[in-house]
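Report on the structure
Residue strings, one per chain:
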Amino acid sequence: MDGDNPRDDPRKGNTKVTREDWIAAARAALIERGVAQVKVLTLAEALQVSRSSFYWYFKSREDLLDQLLADWQGRNTKAVTDHCARPAGDITVAVMNLFECFIDPAKFDPRLDFAVREWARRSNDVRAEVDRADTARIQAIQAMFTRHGYSEGEAYVRARIIYYMQIGYYALVETEPLETRIAQLEAYLISFTGQHPDPAEMADFVGRSRHILGAAG
């Protein structure tokens, strides 16, 4: 470790880093360059700290990678399950709640999702974690439909349609302007739910969406 004590206080000098700083740097490296570039020395250079400070928070690079996966689950998968669990008067409102999750990059990060999926191509353990995440997300969407009166079988199929459409949308790197998506909203809701949405509820969702995307820049 280049002569450094791995338990030296990482906050020496004027530079202060936290466990979250290391994970954020690892997340950025994963997204931008892939898991092979999530290296202790590379991250230390990005954070402008001694490599020894890494060991204040993590046992090893593998420990960091495990915590990076947990961070991804706590961000993207939790965002989906939380939005599916939101109270809703009808299924079209429930689906719009789910759409809000995918609209807001602060809640669901598609670049992170696909970086992890690319990582899974090289690791059976990560592949298993991705499979668990996909299952949990689909089950949450299915439960959302069953709460609104759909049978288990129909809810499962509708959940898969919504989820795989959204993942495919990201895979194609779609960059439709907001106005295009708004114009198609009613048709999407009818297709996904088989029900016509209330215009006032759609207007409320559109207003929230404009605010979210405006805040995101």
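The sections below set out a description of the structure shown in this document. (Residues numbered from 1 in each chain as written. Predicted model: local features only at pLDDT ≥ 70, side-chain atom pairs only at ≥ 80, totals over all residues. Heavy atoms only, no water.)

Re the overall build of the chain
Applicable threshold: In this description a helix means any DSSP run of H or I spanning at least four residues, a strand means any run of E spanning at least two, and both kinds are numbered starting from the N terminus. Exposure categories follow from relative accessible area, calculated using a 1.4 Å probe and restricted to protein chains: below 20% of the type maximum is buried, above 50% is exposed, and the middle band is partly exposed. By definition, residues are in contact when any of their heavy atoms lie within 4.5 Å. Accessible surface is estimated by sampling points in the Shrake-Rupley manner with a 1.4 Å probe; for residues, cover comes only from the protein chains shown. All tallies of charge rest on Lys and Arg as positive and Asp and Glu as negative; His and the ends of each chain are not included. A single reference atom marks each charge: NZ on Lys, CZ on Arg, CG on Asp, CD on Glu.
Each helix and strand counted, the chain has 9 helices and 0 strands in total. Secondary structure elements of the chain occur, N-terminal to C-terminal, as α-α-α-α-α-α-α-α-α. Over its C-alpha atoms, taken along the principal directions, the chain stretches across nearly 65 × 35 × 30 Å. Each of the 217 residues in the chain was classed as buried or not, and the buried ones make up 43%. Long-range contacts, defined as pairs at least 24 residues apart, comprise 67% of the intrachain contacts of the chain with a sequence gap of at least 6. Accessible area for the chain stands at about 11400 Å²; split by element, carbon and sulfur atoms hold 51% of it. For the chain, the distance from the average site of its 28 positive side-chain charges to the average site of its 32 negative ones is 4 Å.

Brief notes about helix 3 (residues 61–84)
Residues lying three or four places apart along an α-helix face the same way, a consequence of the helix completing one turn every 3.6 residues. What counts is decided by this rule: Helix span, as expected, comes to 1.5 Å for every residue beyond the first. Across the chain, bend at a residue is computed as the angle between axes fitted to the seven residues ending at that point and the seven starting from it.
Taking 1.5 Å per residue, 24 residues should reach 34 Å; helix 3 reaches 34 Å between its end C-alpha atoms and fits that length. Of all the bends found along helix 3, the most pronounced is centred on K78 and spans about 35 degrees.

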